[in-house]
Amino acid sequence: MRLRELADVGPFFALRTGDDPEGPGYLPLGEEAVRLRVETVAERLGTADRRVAASIAFQGIAGRLTSIALGSAVLTGRVPDLAGGGLRWHPARSAPDDLLLPAPAALAPAADPAGQAERISAAVLHGLLVPLHHATRATTPVSARLLWGNAASSLAGSLRVLHIWCLEHNRPQDAEHALVLTRALFQDPLLCDTGTLRRTRGGPVFERRTCCLYYRVPGGGMCGDCVLRHPPRGR
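A few points on the structure. (Residues numbered from 1 in each chain as written. Predicted model: local features only at pLDDT ≥ 70, side-chain atom pairs only at ≥ 80, totals over all residues. Heavy atoms only, no water.)

1. Comments concerning the pattern of salt bridges
Scanning the entire structure with this criterion turns up seven salt bridges. Among the ionic pairs, Arg 209 bridges to Asp 193, the shortest N-O distance being 3.0 Å. Of the two residues, Arg 209 is situated in the segment after β6 (203-208) and Asp 193 in the loop between α5 (172-185) and β5 (195-200); the sequence distance between them amounts to 16 residues. The closest approach of N and O atoms between Glu 207 and Arg 198, which form a salt bridge, is 3.0 Å. Judged by relative accessible area, which is 14%, Glu 207 ranks as buried. When its relative accessible area of 36% is taken as the criterion, Arg 198 is described as partly exposed. (Salt bridge = Lys/Arg side-chain N within 4 Å of Asp/Glu carboxyl O. Helix = DSSP H or I, 4+ residues; strand = E, 2+ residues; numbered from the N terminus. Buried < 20%, exposed > 50% of the residue type's maximum accessible area, 1.4 Å probe, protein only.)

Spelled out as structure tokens, the structure:
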């Protein structure tokens, strides 16, 4: 499976590469892109609460980055060098057309899930999400812990989609690989205290220790992994 074929798993796993055939609008992953994305999300959600919009915007980009990294590691054995390839973000577009990697190249391969987790932690969690975390909080006063909970929830969501896809396509070893790799990623200090990832008969389940604030959106509700649904035991 090649990188462009990851779109078969779902739009969050897809990544445009090369030049943009549809005109300008892609920006580096920095404060300008974050500010414009927060404005776009606020308008689409119909909310004037910028904290809610910033939270959902960060969760969305975290979901895109973790899906691409996890999917490519499990299904191709390699992880694209998103930072080194000059990844760009279009704040007004949705997946799969929001991200563009002009110069795709792969990170150095790893022999096992632990090695892959180290590559993804360094390149995606620390290399991309940490700067985006800072940029988000620079544009909107939103809780740092909440944002890392969003990143963890996004990673768990990526795992669920990929795990189901692998089982449906008779790839049980890849499904297990995805679970093992995700568990290793949850050992990173950025994510280790964000919630609990469990294996169930229905697949992997995550219960987070924070709330993304989506319930404050007009007509919104609580997410399935929300702390408001699953109060932490003994905490």
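2. Considering unusual backbone geometry
A cis amide bond links Ala 95 to the next residue, Pro 96, at an omega of 15 degrees. Mapping Pro 96 onto the fold places it in the loop between β3 (88-89) and β4 (99-101). Positive phi is not limited to glycine here, since Asn 170 has a value of about 55 degrees. Relative to the helices and strands, Asn 170 is located in the loop between α4 (144-168) and α5. Given a relative accessible area of 67%, Asn 170 falls into the exposed group.

3. Considerations on helix α1 (residues 31-45)
Look at α1: 21 Å from first C-alpha to last across 15 residues, which is about the 21 Å you get at 1.5 Å a residue. Within α1, burial applies to Ala 33, Val 34, Arg 37, Val 38, Thr 40, Val 41 and Ala 42. Check the buried side of α1 and you find it contacts β2 (27-28), α2 (50-76), β3 and α3 (113-139). Just downstream of α1, Gly 46 is the residue with a positive phi angle, here 70 degrees. (Expected span 1.5 Å × (residues − 1). Contact = heavy atoms within 4.5 Å.)

4. Concerning the environment of Val 217
Among the structural elements, Val 217 can be located in the segment after β6. Taking the C-alpha atoms as reference points, Val 217 and Arg 171, 46 residues apart in sequence, are found 38 Å from one another. Setting aside anything within four residues of it in sequence, one finds Val 217 in contact with Leu 45 and Val 52.

5. Here we look at the side chain of Ser 72
Here Ser 72 shows up in helix α2. Note on Ser 72: relative accessible area 1%, which makes it buried. Here Ile 68 takes part through its backbone oxygen, which lies 2.7 Å from a polar atom of the side chain of Ser 72. Ignoring any residue separated from it by four or fewer positions in sequence, one finds Ser 72 in contact with Leu 3, Leu 6, Ser 67, Gly 77, Arg 78, Val 79 and Pro 80. (Polar contact = N/O pair within 3.5 Å; in protein donor to acceptor, adjacent residues only side chain to side chain.)

6. Quick look at the packing of α2 against α5
Look at α2 against α5: their axes get within 9 Å of each other, and the N-to-C directions meet at 135 degrees. Between α2 and α5, the angle is such that the two are oblique. For α2 against α5, the interelement crossing comes out right-handed. For the pair α2 and α5, the contacting residues are Leu 70, Ala 73, Val 74 and Leu 75 in the first and Asp 174, His 177, Ala 178, Leu 181 and Thr 182 in the second. When grouped by side-chain class, the residues that make up the contact of α2 with α5 number six nonpolar, two polar and one charged. (Axes fitted to C-alpha atoms, helices over the stretch in contact; angles between N-to-C directions. Parallel < 35°, antiparallel > 145°, perpendicular 65-115°, else oblique. Left-handed = near helix turned anticlockwise from the far one by under 90°. Nonpolar A, V, L, I, M, F, W, Y, C, P; charged D, E, K, R; others polar.)

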